[in-house]
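Descriptive structure summary
Chain by chain, the residues run as shown.
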Amino acid sequence: MKKILLIEDERNMSRFIELELSHESFAVTVASEGNSGLQIALAEDWDIILLDLMLPGIDGLEICKQIRSVKYTPIIMLSARDSVTDRVSGLDCGADDYLPKPFAIEELLARMRVVLRRQQEIQGDRLPVLVFQDLSLDPNTRIVLRAGKPIELTKREYDLLAVFLSNANRVLDRETLLDKVWGFEAVVDTNVVDVYVRYLRRKIDVSSENGYIQTLRGIGYVMRK
């Protein structure tokens, strides 16, 4: 069942869309305000986000920009504003499609099918996202998130994190990490692993109490909770 997030403040419109999409076997979650809609959009993975342009709180354009800064979830923008300028603004901020109100539900469903088909074609060549607890690494976009917040990593830090995520709950000694991240023929000391683990911890761990990379004295490291 495809998960749809509808961010729409007009109650009659949102109820109509929710009922119609539920009838078509979509799982629909509704948010009626911009700030809460943005939080829900970032907290979970959605197959499509249907986004009204004019909302209380944060407007649709700003929501779209913030989602696009960390996610590539398909977004169809819905709006009573039908000028060319409005459509261009919606598409330029990252929306996949722009549907002016009023619209026939059949047209919305058809556009959703197009977006889902396009997404399925793209995902056919996509690598799986690596996830541990609230930490995720998308090898397709190189976006790293913890609790929905993006984390900037250097290439070496990114490669090291990818190894830990791919081997969650598995103990890795320094030689193994050196081989996987720096290469078997790299002329560097194993102490460099300790240095980069320290760098990585500073960026991904909110505090020492909820750190994910644990040190096993005399052995190496393990990612576990």
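Preceding block: the structure.
A short tour of the structure in this document, coming up. Keep in mind that this is a model prediction, so the values were computed, not measured. (Residues numbered from 1 in each chain as written. Predicted model: local features only at pLDDT ≥ 70, side-chain atom pairs only at ≥ 80, totals over all residues. Heavy atoms only, no water.)

**Some details on the pairing of strand S2 (residues 27-31)**
Sheet topology note: the strand S1 (residues 3-7)/S2 ladder contains 5 bridges and is parallel. Residue pairing across strands places isoleucine 4 opposite valine 28, the latter belonging to S2. With respect to chirality, the unit in which S1 leads through helix H1 (residues 11-23) into the neighbouring parallel S2 is right-handed. (Pairing = 2+ DSSP bridges. Helix = DSSP H or I, 4+ residues; strand = E, 2+ residues; numbered from the N terminus. Right-handed = clockwise from strand over helix to strand, strands pointing away.)

**So, the sheet that holds strand S4 (residues 75-79)**
Taken together, the 5 strands give an open sheet; going across it, the order is S2-S1-S3-S4-S5, and neighbouring strands pair in parallel fashion. The open sheet is flanked by S2 and strand S5 (97-100), the only strands paired with a single partner. Each neighbouring strand pair of the sheet contributes to a mean axis angle of 20 degrees, computed without reference to strand direction. Relative to S4, strand S3 (residues 48-52) runs parallel, the two being bridged by 4 bridges. Across the sheet, the residue bridging to isoleucine 49 is isoleucine 75, located in S4. Across the face of the sheet, H1 comes into contact with S1, S2, S3 and S4 while running at roughly 165 degrees to S2. (Axes fitted to C-alpha atoms, helices over the stretch in contact; angles between N-to-C directions. Contact = heavy atoms within 4.5 Å.)

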